[in-house]
Amino acid sequence: MQMPVPDPAILAKKAAIVAALRAVLPADAVIDDPFETRAYECDALAAYRTRPLAVVLPRSTSEVAAALKVCHRHGVPVVPRGAGTSLAGGAMPSADAVILGVARMSAVLEVDTANRFVRVEAGRTNLAVSAAVEGEGFFYAPDPSSQLACLIAGNIAMNSGGAHCLKYGVTTNNLMGVTLVTMAGEVLEIGGPYADAGGLDLLGVICGSEGQLGVVTEATLRILPKPEGARPVLIGFDSSEVAGACVADIIRAGVLPVAIEFMDRPCIRATEAFAQPGYPDCEALLIVEVEGAEAEIDEQLGLIRQIAMRHAPVEFREAQSDEEAKRIWLGRKSAFGAMGQINDYVCLDGTIPVSALPQTLRRIGEMAAAAGLEVANVFHAGDGNMHPLILYDANREGDLERCEALGADILRLCVEVGGCLSGEHGVGIEKRELMSAQFTRADMEAQMRVKDVFDPGWLLNPAKVFPLEVSAARRG
Amino acid sequence: MRPQDERELAAAIRDAAGPLRVQGGGTRGLVGAGEVLDTTGLCGVRLYEPAALTLVVGAGTPLAEVEALLAGEGQRLGFEPVRWGPLLGASGESTIGGVVAANVSGPRRVRAGAARDALIGVRFVDGRGEVIKSGGRVMKNVTGYDLVKLMAGSRGRLGVLSEVAFKLMPAAASEATLLLEGIGVGDAVAAMAAALGSPYEVSGAGWMPGLGAMLRLEGLAESVGYRVGRLGELMQRFATPRIERAGSAALWRDLGEVAPLHHCAGDVWRFSVKPSEAPGIVARLGVPVVLDWGGGLIWAVLPEGTNARAMAAPYSGHATLMRGCGVASEPEAPGVAELGEALRAKFDPRGIFGEGLGA
Ligand SMILES: Cc1cc2nc3c(=O)[nH]c(=O)nc-3n(C[C@H](O)[C@H](O)[C@@H](O)COP(=O)(O)OP(=O)(O)OC[C@H]3O[C@@H](n4cnc5c(N)ncnc54)[C@H](O)[C@@H]3O)c2cc1C
Ligand SMILES: Cc1cc2nc3c(=O)[nH]c(=O)nc-3n(C[C@H](O)[C@H](O)[C@H](O)COP(=O)(O)OP(=O)(O)OC[C@H]3O[C@@H](n4cnc5c(N)ncnc54)[C@H](O)[C@@H]3O)c2cc1C
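Everything numeric in this text was worked out from a predicted model, so none of it was measured.

(A) Structural detail: the overall build of chain B. A tally of regular secondary structure across chain B gives 13 helices and 17 strands. At 21 Å, chain B has a C-alpha radius of gyration in line with the 21 Å of a compact globule built from 359 residues. Principal-axis analysis of the C-alpha atoms gives chain B an extent of 65 × 50 × 35 Å. Burial status across chain B gives 56% buried among its 359 residues. Summarising the internal contacts of chain B: among those between residues at least 6 apart in sequence, 71% fall at separations of at least 24.

Laid out in structure tokens, this is it:
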């Protein structure tokens with residue numbers, strides 16, 4: 001992965017920059033010891049590492065503003081950081097950049113169930129947001145699998161999704177307002193606990209901007225009343241095509257489940273060996289979950305059963321108890337862990353039109369065979385967000401490179417069939433150079449003009465999202 | 001000017017010597033000066049896949065045509081586009097691009113989100129005459145910045161939409177409305193908060209003068225039946241609900257179109273606020289109102305020239321003068337307004353999309 005050459009002038013000024021940061025922040029909020037900054041050298045895209053110039057860990061919006069003003073004055077790039085679970089290298093630093101971590105800002109500021117929102121500091125974990133309102137019978141809907149660790153700040157920057165977004169939408173659909181600190185250190189309130197934007201929908205473009213427009217320090221999030229209950233079914237098929245057709249028919253019939261998850265044979269076998277969820281040994285399986293009271297669940301599952309039966313499933317297993325429901329989800333939830341037991345893997349994140357599912361799965365199989373690598377598929381089938389996992393051996397010379405080349409080809413295929421490079425993980429450094437496969441120069445110019453407005457000096461997370469050649473002139 | 005495709009649209013904008021007035025169905029009526037750029041030639045369905053809940057259409061396609069097409073397949077736009085023509089004294093048929101440009105969303109917004117939430121892709125031509133796309137036709141897409149949201153509600157000030165793509169919803173198999181007749185605004189807002197905070201998936205919560213509070217439930221028949229019962233019990237402490245089934249759809253059309261205020265003379269104001277602030281605002285305004293979104297949306301007609309913002313304050317959110325002497329949006333906080341202005345200057349450096357909605 002190519003990264004820009006660090007600016008020698010900044011590296012040379014390190015002592016002065018650190019001193020200026022120390023002058024405005026508490027002593028324990030600035031880290032420059034190379035041993036300690038090592039903890040910030042990468043995110044979950046761990047194949048790529050660089051130690052940052054320094055790390056700042058502010059405790060308040062005003063400390064964030066103070067730190068940014070110093071960096072702005074010295075022309076130092078800043079990489080905002082949440083929990084570092086990005087799979088795209090979004091939080092990876094460069095040697096001439098200051099990491100600004102918001103993890104110390106995790107307070108709940110306001111819980112308002114009458115108006116159905118919660119206001120939190122952006123360093124709170126996703127799961128702890130739901131935990132703060134659970135007692136009142138509410139939850140925060142977007143549920144990335146990393147929710148125990150990842151922070152709302154990272155979720156907003158990546159516009160993260162989760163298994164339940166088919167019904168509840170992704171982060172942007174549940175975000176009402178943010179406190180944003182610009183690179184120049186200006187504190188802005190954008191949106192709030194009311195429905196419409198007063199002017200342009202700035203919140204909409206801030207969400208998903210991968211830490212390139214400003215540092216989010218607080219967020220107003222919509223919360224929802226918890227459903228009375230939920231129940232999954234497991235449906236096994238002897239072909240991926242038929243499983244895909246069943247998904248289409250369920251959606252076509254007007255039932256909108258909360259989740260439709262898909263696993264193929266390599267993935268089923270791996271999870272069975274790893275966690276013994278008791279899955280049938282078949283070509284493809286779907287986990288479909290519906291919500292409501294008992295009678296409502298029965299009504300929806302009755303319809304889904306009728307539809308599934310038309311596709312001659314090898315198995316239709318409805319959870320009869322909480323225990324059985326847990327077992328159905330167990331395999332899906334341990335899928336990534338199971339694949340990790342077999343080998344190293346790269347997790348892709350392209351989205352395709354649901355109608356292109358069978359043909360795309362077939363093509364991926366062919367491409368993998370040609371590359372001599374194994375690919376397992378586990379993904380959100382209701383919305384076409386695929387997660388092909390390419391297995392490789394990090395200790396084998398050239399394997400990572402072959403795996404990345406196959407990954408790039410698969411993502412180009414996703415774009416070709418009408419989809420996109422990333423459904424929820426973001427572009428970061430990982431898919432940066434592939435952006436040209438999806439966007440024209442004019443498309444990217446329009447996006448970069450938004451950054452020109454928020455961060456004219458291109459100091460915030462500058463070497464991400466856009467192909468390096470495309471952003472070169474702006475990064476200076 | 002009435003371009004027939006994106007190329008002609010781009011050429012028209014590139015070659016424009018002075019300001020343009022972008023017009024879809026023209027239901028808003030034109031504001032400002034300049035040559036009219038009519039978008040209705042940019043019409044037609046590009047792609048409709050019911051099994052993927054996906055629709056891509058030309059921005060100049062009439063809303064009614066889109067709705068009829070979807071209804072034929074048992075689907076709909078979840079955000080429930082509404083028609084304000086009768087309220088605001090306009091005629092004509094909205095285009096889907098106009099709906100997007102104004103982020104027009106109806107009562108179901110409380111459950112299904114706004115137009116901007118259903119919008120998954122746009123193609124547009126900016127003020128430089130460049131064709132730009134963002135998003136696409138798939139529901140989950142975080143590739144690059146989300147200009148889709150930025151364009152929704154931009155009121156034609158950043159560019160002219162040529163194509164829009166939506167995530168659709170299945171139409172409900174059945175619906176019912178619980179009416180809490182005769183209750184006042186204060187109780188209604190409390191009842192709506194309780195209903196929207198319940199697990200019964202309320203898909204509309206409003207209040208109309210002379211009627212009272214209304215709560216909508218939609219879904220499979222048995223499920224609606226069950227929830228009508230449970231929500232009814234929960235609402236007993238406010239009033240004994242009357243259940244309306246056959247007349248339910250008409251009630252919500254009236255609410256969306258703000259029917260009770262159609263014949264009031266004066267300035268039409270629209271407040272987007274924190275729902276619990278509604279009773280206070282309504283009391284301070286002292287005129288008949290219509291409430292939607294659980295109280296988060298307030299419609300009021302005030303004597304011409306009234307400074308409604310001063311009268312209603314304090315409130316969070318914002319107020320827009322929709323019909324009166326011009327249209328006026330609430331001024332934004334200084335730093336935020338500057339960002340908006342700077343974005344406009346980037347997308348439309350010559351300022352040819354001048355006034356947009358005039359707001
Ligand atoms: C402040 C405000 C005032 C409103 N006033 C009225 C009203 O008086 N009457 C009424 O019926 N509705 C009004 N609306 C609602 C909304 O404009 C309409 O409901 C919408 O559906 C109009 O569609 P149209 O095709 O008729 O658009 P038009 O009335 O032709 O245009 C409405 C706005 O959208 C822009 N626009 C239209 N098409 C495009 C496109 N393809 N690309 C980019 N921009 C486009 C126009 O520049 C204009 O600013 C208002 C909305 C707002 C926010
Ligand atoms: C095992 C595993 C499972 C995952 N499952 C999912 C999933 O189901 N769905 C999904 O969508 N993602 C998933 N992810 C990806 C990842 O968890 C998300 O992208 C998450 O939102 C990142 O949050 P974070 O706090 O770790 O952010 P980081 O990784 O620290 O940063 C992510 C991005 O956010 C920016 N950022 C961080 N803080 C701020 C701030 N305060 N202001 C502005 N920008 C900021 C960073 O610069 C960076 O670009 C998964 C990751 C792992 C490792």
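(B) Highlighting the overall build of chain A. A tally of helices and strands in chain A yields 18 helices and 18 strands. Taking 476 residues into account, the globule formula puts the C-alpha radius of gyration at 23 Å, and chain A, at 23 Å, falls close to it. Across its three principal axes, chain A shows a C-alpha extent of roughly 70 × 55 × 40 Å. When the 476 residues of chain A are sorted by exposure, 57% land in the buried category. Long-range pairs, those at least 24 residues apart, make up 73% of the contacts in chain A with a sequence separation of at least 6.

(C) Up close: the site of ligand 2. All names here are of chain A. Near ligand 2, the surroundings consist of 36 residues, among which Gly82, Gly90, Gly154, Ala157 and Gly211 are the closest. Mapped onto the shell around ligand 2, the elements with two or more residues apiece are β3 (78-81), α6 (152-158) and β10 (215-222). For the shell around ligand 2, the element with the most residues is α6, which contributes five residues. When its residues are assigned to classes, the shell around ligand 2 shows 17 nonpolar, 15 polar and four charged. When residues of the shell around ligand 2 are sorted by domain, at least three fall in each of domain 1 (8-103) and domain 2 (108-225).

(D) Spotlight on the domain arrangement of chain B. Residue and element names in this part refer to chain B. Assigned domains within chain B: domain 1 (6-170), domain 2 (174-255) and domain 3 (259-323). Look at where the C-alpha atoms of domain 1 and domain 2 centre, and you get two points 31 Å apart. Contacts between the two partners involve four residues from domain 1, matched on the other side by nine residues from domain 2. Looking at the side of domain 1 that touches domain 2 residue by residue, the classes come out as two nonpolar, no polar and two charged.

(E) Layout of the sheet that holds strand β8 (residues 175-181) of chain A. Residue and element names in this part refer to chain A. Strand order in this open sheet of five strands is β5-β6-β10-β8-β9, and the pairing throughout is antiparallel. Each having just a single partner strand, β5 (108-112) and β9 (187-191) make up the two edges of the open sheet. Within this sheet the neighbouring strands show an average axis-to-axis angle of 10 degrees, counted without direction. In this structure, β8 lies alongside β9, joined through five bridges in antiparallel fashion. Each residue of the ladder has a partner; that of Val178, found in β9, is Ile190. Along the sheet, helix α5 (residues 126-134) contacts β5, β6 (117-121) and β10; its crossing angle with β6, the most-contacted strand, is approximately 135 degrees.

(F) Structural detail: the environment of Pro209 of chain B. All names here are of chain B. Among the structural elements, Pro209 can be located in the loop between β11 (202-208) and β12 (212-219). When the C-alpha atoms of Pro209 and Glu181 are compared, they prove to be 9.9 Å apart, with 28 residues separating the residues in sequence. Every residue in contact with Pro209, bar those within four places of it in the chain, is listed here: Pro260 and Pro288.

(G) Inspection of the site of ligand 1 at higher detail. All names here are of chain B. As a matter of local geometry, ligand 1 sits amid 32 residues, with Gly24, Gly25, Gly97, Gly98 and Gly156 nearest to it. Contributions of two or more residues to the shell around ligand 1 are made by β1 (20-23), α3 (85-88), α4 (96-101), β8 (159-167) and β17 (318-323). Here the shell around ligand 1 takes four residues from α4, the largest share from any one element.

(H) Examining the interface of chain A and chain B more closely. Each side of the interface is counted separately: chain A has 76 residues, and chain B has 69 residues. Looking at the side of chain A that touches chain B, the elements that each hand over two or more residues are β9, α8 (202-206), α9 (240-252), α11 (294-309), α16 (435-438) and α17 (441-454) of chain A. With nine residues, the top contributor of residues to the side of chain A that touches chain B is α17 of chain A. Broken down by class, the residue content of the side of chain A that touches chain B amounts to 34 nonpolar, 27 polar and 15 charged.

(I) Region of interest: the sheet that holds strand β3 (residues 45-49) of chain B. Residue and element names in this part refer to chain B. Pairing in this open sheet of five strands is antiparallel, and the strands run β3-β4-β8-β6-β7 from one edge to the other. For this open sheet the edge positions go to β3 and β7 (131-135), each flanked by a neighbour on one side alone. Averaged over all pairs of adjacent strands, the angle between strand axes in this sheet comes to 15 degrees, irrespective of strand direction. Across seven bridges, the pairing between strand β6 (residues 119-126) and β8 is antiparallel.

(J) Up close: the pairing of strand β15 (residues 289-292) of chain B. Residue and element names in this part refer to chain B. Because side chains alternate across β15, one face comprises the buried residues Val289 and Leu291, and the other comprises Val290 and Asp292, equally buried. The pairing of β15 with strand β16 (residues 297-302) spans four bridges and is antiparallel. Each bridged residue has a counterpart across the sheet, and for Leu291 the counterpart in β16 is Ile298. In sequence, β15 turns back onto β16 through a hairpin of four residues, with Trp293 there showing a positive phi of about 50 degrees.

(K) Inspection of the packing of helix α10 (residues 265-275) of chain A against helix α13 (residues 335-342) of chain A at higher detail. Residue and element names in this part refer to chain A. Taken N-terminus to C-terminus, the directions of α10 and α13 make an angle of 90 degrees; their axes are 8 Å apart at the nearest point. Here α10 lies roughly perpendicular to α13, going by the angle between them. In this structure, α10 uses Cys267, Ala270, Thr271, Phe274 and Ala275 to contact α13, whose residues at the interface are Ala335, Gly337, Ala338, Met339, Gln341 and Ile342. Residues that form the contact of α10 with α13 fall into these classes: eight nonpolar, three polar and no charged.

(L) Quick look at the domain arrangement of chain A. Domain parsing of chain A yields domain 1 (8-103), domain 2 (108-225), domain 3 (230-334) and domain 4 (343-416). Using C-alpha coordinates to define each centre, domain 1 of chain A is positioned 45 Å away from domain 3 of chain A.

Criteria and thresholds
- Residues numbered from 1 in each chain as written.
- Chains lettered and ligands numbered in written order.
- Predicted model: local features only at pLDDT ≥ 70, side-chain atom pairs only at ≥ 80, totals over all residues.
- Helix = DSSP H or I, 4+ residues; strand = E, 2+ residues; numbered from the N terminus.
- Rg over C-alpha atoms; globule rule 2.2 N^0.38 Å.
- Buried ≥ 20, exposed ≤ 12 C-beta atoms within 10 Å, placed from the backbone.
- Contact = placed C-beta atoms within 7 Å.
- Near = placed C-beta within 6 Å.
- Nonpolar A, V, L, I, M, F, W, Y, C, P; charged D, E, K, R; others polar.
- Domains from an automatic or database assignment.
- Pairing = 2+ DSSP bridges.
- Axes fitted to C-alpha atoms, helices over the stretch in contact; angles between N-to-C directions.
- Parallel < 35°, antiparallel > 145°, perpendicular 65-115°, else oblique.

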